[in-house]
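Below are the chains, spelled out letter by letter.
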Amino acid sequence: MAGSPWDPDQYDLFAAEREQPFWDLAGLLEPKPGASLVDLGCGDGRLTVSLHERIGAGHTLGVDSSPEMLARADSVARVGVTFAAGDIATWVGSDVDVVFSNAALQWVGEHREVLGRWRKSLAPGGQLAVQVPGNWDHASHLVLTELARERLGGDAPPDPVAVNVLKPEEYSKLLYELGFKRQLVRMQVYTHILADTESLVEWMKGTSMNRVKRLLEPDDYQEFVESYKARILKRLGYERPFFYPFKRILIWGSLS
Ligand SMILES: C[S@@+](CC[C@H](N)C(=O)[O-])C[C@H]1O[C@@H](n2cnc3c(N)ncnc32)[C@H](O)[C@@H]1O
């Protein structure tokens, strides 16, 4: 079995596209200078540091489970921003003003329980801001799931987005039940113009394909990637440029 699958360089190939929802989510936060901020599933920490500066936080903690991502994050740590290894599925803090998580919650299940713990971690008047993808029904993801089943049979990991991510209205009800006095939950379609259809392969290698990569030896993974490319081209045809609509759910709640 391969080691930890996250590759910060591969993820960063589409840094501009992946940053858009991050900043849309950050834009939902109400200003609270000196706030304590936690960024769950912080990745390589670059955006965590920018967010810390943008909102004028007093202290920021970034949490991630990937040693590769944390190694990068440690190199950008500075006064007021620290990083720690941890599992966001079980993470709980106390008296946090802002719990923020961009494009990470989809990797874990039981969102009602997990968001319940994140809410308990908030100080009075605290804010929660979470973004999860909702794109499991695009061919890019369906072909991956289909091919993984063919190659790995019963061992094929399901698409976490299809299995874990709730409907927007379910997050809305959950925020209400958790005591958030104000909220905004919206589904947004991000319009990504990729160089061509084949670019989808590089996109998927940066994130969703990691669930297959972790189960295969390097040669077998390479062969899997080639099969994925062939099937995607067959399914979608070759287009240059390629228009890639990407649905995401943005969730914000305030306790006051
Ligand atoms: C798609 S990246 C997003 C990184 C960053 N939030 C951003 O917006 O650029 C997802 C991150 O979630 C982390 N992650 C996935 N599952 C996790 C878990 N159970 N606990 C902690 N981090 C996790 C991965 O290691 C990865 O760095």
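Here the structure is shown first, and the text comes after it.
Sequence positions are assigned chain by chain, starting from 1 and proceeding in written order. Local features are withheld for residues below a pLDDT of 70 in this predicted model, meaning they are given only at 70 or higher, and side-chain atom pairs are given and counted only at 80 or more; totals for whole chains, interfaces and linings count all residues. The side-chain numbers reported here are obtained from all heavy atoms of the structure, hydrogens and water having been left aside.

(A) Representation of the nonpolar core. Membership of the largest hydrophobic core comes to 40 residues, with the highest contact counts inside it found for Leu29, Leu51, Phe100, Met209, Phe224, Tyr228 and Tyr244. Those elements that place two or more of their residues in this core are helix H2 (15-26), helix H3 (46-55), strand S4 (96-102), helix H6 (139-152), strand S6 (182-194), helix H9 (199-206), helix H11 (218-236) and strand S7 (242-254). Any two residues whose heavy atoms approach within 4.5 Å at even a single point are treated as in contact. Excluding residues that lie within four positions of it along the chain, Phe100 makes contacts with Phe22, Leu25, Ala26, Leu29, Leu37, Val38, Asp39, Leu40, Leu51 and Ala129. Buried residues of nine kinds, namely Ala, Val, Leu, Ile, Met, Phe, Trp, Tyr and Cys, make up a nonpolar core once their side-chain atoms join them within 4.5 Å. Partly exposed describes any residue whose relative accessible area lies between the buried limit of under 20% and the exposed limit of over 50%, with all areas from a 1.4 Å probe on protein chains only and scaled to the type maximum. Counting 29 residues, the second largest nonpolar core, distinct from the first, contains Val108, Leu128, Phe180 and Leu255. We count a stretch as a helix when DSSP gives it H or I for four or more residues in a row; a strand needs E for two or more, and each element gets its number in order from the N terminus.

(B) How the structure looks around the site of the ligand. We call a residue near a molecule or strand as soon as one heavy atom of that residue lies within 4 Å of the molecule or strand. Around the ligand sit 19 residues in total, of which Gly41, Asp64, Asp87, Ile88 and Asn102 are the nearest. For the purposes of these results, a polar contact is taken to be a pair of N or O atoms within 3.5 Å, where, inside protein, one atom must be able to donate a hydrogen and its partner to accept one; residues adjacent in sequence count only when each atom of the pair is a side-chain atom. At 2.8 Å, a side-chain N or O of Asp87 approaches a nitrogen atom of the ligand. Taking Ile88, its main chain carries an N or O atom lying 3.0 Å from a nitrogen atom of the ligand. Contact with the protein chains covers 93% of the free accessible surface of the ligand, which is 590 Å². Here the shell around the ligand is built from residues that sort into 11 nonpolar, six polar and two charged. Working definition of accessibility: Shrake-Rupley area with a 1.4 Å probe, residue cover restricted to the visible protein chains. Think of it as three bins: nonpolar holds Ala, Val, Leu, Ile, Met, Phe, Trp, Tyr, Cys and Pro, charged holds Asp, Glu, Lys and Arg, and polar takes everything else, Gly as well.

(C) Structural detail: the packing of H6 against H11. Interaxial angle, 0 to 180 degrees, is taken between N-to-C directions of lines fitted to C-alpha atoms, where a helix line uses only the stretch in contact. Direction vectors running N to C along H6 and H11 enclose 135 degrees, while the axes themselves pass 10 Å from each other. Judged by the angle between their axes, H6 and H11 are oblique. When the axes of H6 and H11 are compared, the crossing they make is right-handed. Between H6, through Ala139, Ser140, Val143, Leu144, Glu146, Leu147, Ala148, Glu150 and Arg151, and H11, the contact on the second element is made entirely by Glu223, Phe224, Ser227, Tyr228, Arg231, Ile232, Arg235 and Leu236. Angle categories: roughly parallel below 35 degrees, roughly antiparallel above 145, roughly perpendicular from 65 to 115, and oblique for all the rest. Should the near helix be turned counterclockwise from the far one by less than a right angle, the crossing is left-handed, whereas a clockwise turn marks it as right-handed.

(D) Structural view of the packing of aromatic side chains. Stacked, tilted and edge-to-face are the three classes applied to pairs of Phe, Tyr and Trp rings, where Trp contributes its six-membered ring and a pair requires centres within 6.5 Å; stacked means planes under 30 degrees apart, edge-to-face means over 60, and tilted covers the rest. Tallied over the entire structure, the rule returns seven aromatic pairs. Centre to centre, the rings of Phe22 and Trp23 are 4.9 Å apart; their planes meet at 75 degrees, and the pair counts as edge-to-face. By relative accessible area, which is 19% here, Trp23 ends up buried. An aromatic cluster of at least three residues, connected via ring pairs, comprises Phe14, Trp203, Phe242, Tyr244 and Phe246. Definition used: whenever NZ (Lys) or CZ (Arg) falls within 6 Å of the ring centre and also within 35 degrees of the ring normal, the charge is taken to sit over that ring. Over the ring of Trp203 we find Arg18, and its NZ or CZ is 4.5 Å from the ring centre. Cation over ring: Arg54 sits above Trp23, and NZ or CZ is 3.9 Å from the ring centre.

(E) Layout of the side chain of Asp97. You can see Asp97 is positioned in strand S4. For Asp97, a relative accessible area of 13% gives the class buried. Within the structure, the side chain of Asp97 is placed 2.9 Å from the backbone nitrogen of Ser36, a separation counted as a polar contact. Residues in contact with Asp97, not counting those within four places in the same chain, are Lys32, Ala35, Ser36, Leu122, Ala123, Gly126 and Gln127.

(F) Inspection of the sheet that holds strand S3 (residues 81-85) at higher detail. Here, any two strands with at least 2 DSSP bridges between them count as paired. Here seven strands make up an open sheet; going across it, the order is S3-S2-S1-S4-S5-S7-S6 and the pairing mixed. Of all the strands in the sheet, the pair left with one neighbour each is S3 and S6. Strand-to-strand twist across the sheet, computed as the mean angle between neighbouring axes with direction ignored, equals 15 degrees. Pairing between strand S2 (residues 59-64) and S3: five bridges, direction parallel. Residue pairing across strands places Leu61 opposite Thr82, the latter belonging to S3. The strands touched by helix H8 (residues 168-177) are strand S5 (122-133), S6 and S7; relative to S6, the strand with the most contacts, the crossing angle is about 150 degrees.

(G) Region of interest: the environment of Tyr190. With respect to the helices and strands, Tyr190 occurs in strand S6. Put simply, Tyr190 and Glu17 are 173 residues apart on the chain and 8.5 Å apart in space, counted from C-alpha to C-alpha. If we skip the residues at most four places from it in the chain, Tyr190 touches Gln20, Pro21, Asp24, Tyr244, Pro245, Phe246, Arg248 and Leu250. At a separation of 2.6 Å, a polar atom in the side chain of Tyr190 contacts the side chain of Asp24.

(H) Structural context of unusual backbone geometry. Residue Pro241 follows Arg240 across a cis peptide bond; omega there is -5 degrees. Position of Pro241 among the secondary structure elements: in the loop between H11 and S7. For Ala103, which is not glycine, the phi torsion reads 60 degrees and is therefore positive. Tracing the backbone through its elements, the reader meets Ala103 in the loop between S4 and helix H5 (111-120). With a phi angle near 55 degrees, Glu110 is a residue other than glycine that sits in the positive phi range. Within the secondary structure, Glu110 is located in the loop between S4 and H5.

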